[in-house]
Amino acid sequence: MKLGVFTGPTFRPHVEHVAWLAKLAQNAGHTVIGLSCDGAVTDCYARALLGRGRIGCVGCSLAGLRAFSNIKTQSARGVRPSASLEGWHDSEILSSVRTLLREEDYARLVDPPTQRLINRLAPTAAKMFGIISGWIEREGLDALLVFNGRMDITRAAIRAAQAQRIQFASVERASFDTGIRITPMTDCNSPKSEERLQLHYRDVPLLRNQVLRAAEFIARRAINLPVSEWRTYNKDRISAAWPETSKGTRVLIGPSSQYEVAGGEGWENLGDMRDSVEAVVARLGPNVSVVVRGHPVWSETIASITGESTTRYYRDWCRKHKYHFIEPESKIDTRSLIKQADLVLATGGTIGVEAACAGCAVLALAPCYYRHGGGVGNAVGNDAIETALAIRNVPIEERVRRTLRSIYTHAFRTTQFCDFARPVQGTSGATWEYRDGANFRQVEQALQTGWTQADDTRTTEDDTDETEVVRWLMEERMEKIIEESERLRSASSNLEWKRLQLRPVAKLLLTIRGRLPKGDRIKG
């Protein structure tokens, strides 16, 4: 197989993930060719985010695929673009535009700032589509690995692969602790493969070390211990009483930003999440106490972009419907609200699994990874609400059990190479290390079938260990869960882990870069 690799912007740790996968492909006998943008297009999401202009292209080129000696990397400047743009539509940049503006409101897509950004990014994304198409044709590529597949020029790359009728996969960092997300034949946000694996494993008990790994994630968040996530929020949180004095069913809503998934496969026809919330509240009757917890990320500035637009979008809606809105910068512990709620409505993020493992009934209003696991009610689409509300009648122990299975499937089955790739401690996930023994065969299978294959296929019919850990979680024995999980993992602690080898110049550049804030935290 002749495999092409393209990362577009050199965000950490995605370039090294692609470089490591390229190394695995080479070890399996495949030919690998990389492509670096090198400023072939005059604008992109990364430049718009960081506001660096063309000078940013220099660092991007040096810190990209060229940083790794194992990849023969070509320049996009030397590729003659395909004359045909069939298969490309300017609407493909919608996710990039909305993310850059942090804009939730569909109605504001016609506003001048939005239109200016569309006019800025659409032509360059279309040009990259032509370049990638021309590169695939020139090199006779059989498959393509692309970072993300969501942002403008990476979106152009996967659309070019589709237009050229070759196999491709999107590569992203893991949501949780270890491994790499590899999503075949679509962008990184598509729930297609995830849903298939969730349905396959939802009725299968977990082995002891499996259920402990899933429960450890919840336990660490519950007692505010470090977790290996790209962002950690509200570290100095405080418990609080339910802020609404009205009596009735207590409903906690934890909205997640929807702008990143705009236009993505599986997310196309969701509409306004607020409409879904209103439909559930109406179904619950007149005596409902609604609290909306603003997501802490809205209080953070990403590059130079604040989250005020998103905050205002939900704050104004709450004011209109007399819902209680908790500002995103509030130190109120969301878990303390979960414990007092009768029902949690989740539109993404971790609030759904945290609430379900705390014993609260949960409805998923969006294609969250856990909506098909059986631990929450799947309320995607207003006609599904009545069925989804039946989750309240499922015993708490069973909801917790199935939610832990969902977490494990997401973190250690859908996510690939979990035993071979992990973040380096103290780098907040920006730098990773790897160990020998990984096989590119599972990527080949994903490319050939169009489906992510389960990274961990071990199963059991005995739910004894699972039942014990579920009980510990319900009893809030969080330290016990963490201690036992770490004890089982210690058996593999003597394995040798290595970082990828860098070219000398790139090593110096990336060492300096490693001391700077991660890309989306640099102030523009």
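The structure displayed is predicted, hence computed values, not measured ones.

Rules behind the numbers
- Residues numbered from 1 in each chain as written.
- Predicted model: local features only at pLDDT ≥ 70, side-chain atom pairs only at ≥ 80, totals over all residues.
- Heavy atoms only, no water.
- Helix = DSSP H or I, 4+ residues; strand = E, 2+ residues; numbered from the N terminus.
- Rg over C-alpha atoms; globule rule 2.2 N^0.38 Å.
- Buried < 20%, exposed > 50% of the residue type's maximum accessible area, 1.4 Å probe, protein only.
- Core = buried A, V, L, I, M, F, W, Y, C linked by side-chain atoms within 4.5 Å.
- Contact = heavy atoms within 4.5 Å.
- Pairing = 2+ DSSP bridges.
- Axes fitted to C-alpha atoms, helices over the stretch in contact; angles between N-to-C directions.

Turning our attention to the overall build of the chain. Regarding its fold elements, the chain presents 18 helices and 14 strands. The C-alpha atoms of the chain give 23 Å as radius of gyration, which agrees with the globular expectation for 524 residues (24 Å, within 12%). Projecting the C-alpha coordinates of the chain onto the three principal axes gives extents of approximately 65 × 55 × 40 Å. Within the chain, the fraction of its 524 residues that count as buried is 58%.

Take the nonpolar core next. In terms of nonpolar packing, the biggest core is built from 123 residues, with Ile 132, Leu 363 and Leu 404 touching the most fellow members. For this core, the element with the most residues is helix H5 (residues 112-139), which contributes 11 residues. Once residues within four sequence positions are removed from consideration, Leu 363 is found in contact with Val 280, Leu 343, Val 344, Leu 345, Ala 346, Gly 377, Ala 379, Ala 388, Leu 389 and Ile 391. One finds Leu 145, Val 171, Ala 174 and Val 443 within the second-largest nonpolar core, a separate group that totals 33 residues.

Here His 14 lies in helix H1 (residues 14-27). For His 14, a relative accessible area of 8% puts it in the buried group. For His 14, the contacting residues outside a window of four places in its chain are Phe 147, Glu 172 and Arg 173.

Another point: the sheet that holds strand S2 (residues 31-36). Strand-to-strand pairing in sheets goes through backbone hydrogen bonds, with the strands running parallel or antiparallel. Pairing is mixed in the open sheet, where 6 strands are placed in the order S3-S2-S1-S4-S5-S6. The open sheet has two free edges, formed respectively by strand S3 (72-75) and strand S6 (180-184), since each of these has just one partner strand. On average, each strand axis in the sheet is inclined to that of its neighbour by 25°, with strand direction left out of account. As paired strands, strand S4 (residues 143-147) and strand S5 (residues 167-173) are joined by 5 bridges and run parallel to one another. Each residue of the ladder has a partner; that of Phe 147, found in S5, is Val 171. Across the sheet, helix H6 (residues 152-163) is in contact with strand S1 (2-6), S4 and S5; its angle to S4 comes to roughly 165°.

It is worth spelling out the sheet that holds strand S8 (residues 288-293) at this point. Read across the open sheet, the 6 strands follow the order S9-S8-S7-S10-S11-S12; overall the sheet is parallel. Since the sheet does not close on itself, it has two edges, and those belong to strand S9 (324-326) and strand S12 (377-378), each with one partner. Across 5 bridges, the pairing between strand S7 (residues 249-254) and S8 is parallel. Considered in S8, the bridge of Val 251 is made with Val 290. Each of S7, S8 and S9 touches helix H10 (residues 308-321); the most contacted strand, S9, lies at about 155° to it.

Okay, the pairing of S6 next. Counting buried positions over the 5 residues of S6 gives 5, a clear majority of the element. Where S5 lies against S6, 5 bridges are found, and the strand directions are antiparallel. Opposite Ser 170, over in S6, you have Thr 183 as the bridge partner. Connecting S5 to the next strand, S6, in antiparallel fashion are 6 residues, including Gly 179 with a positive phi near 85°.

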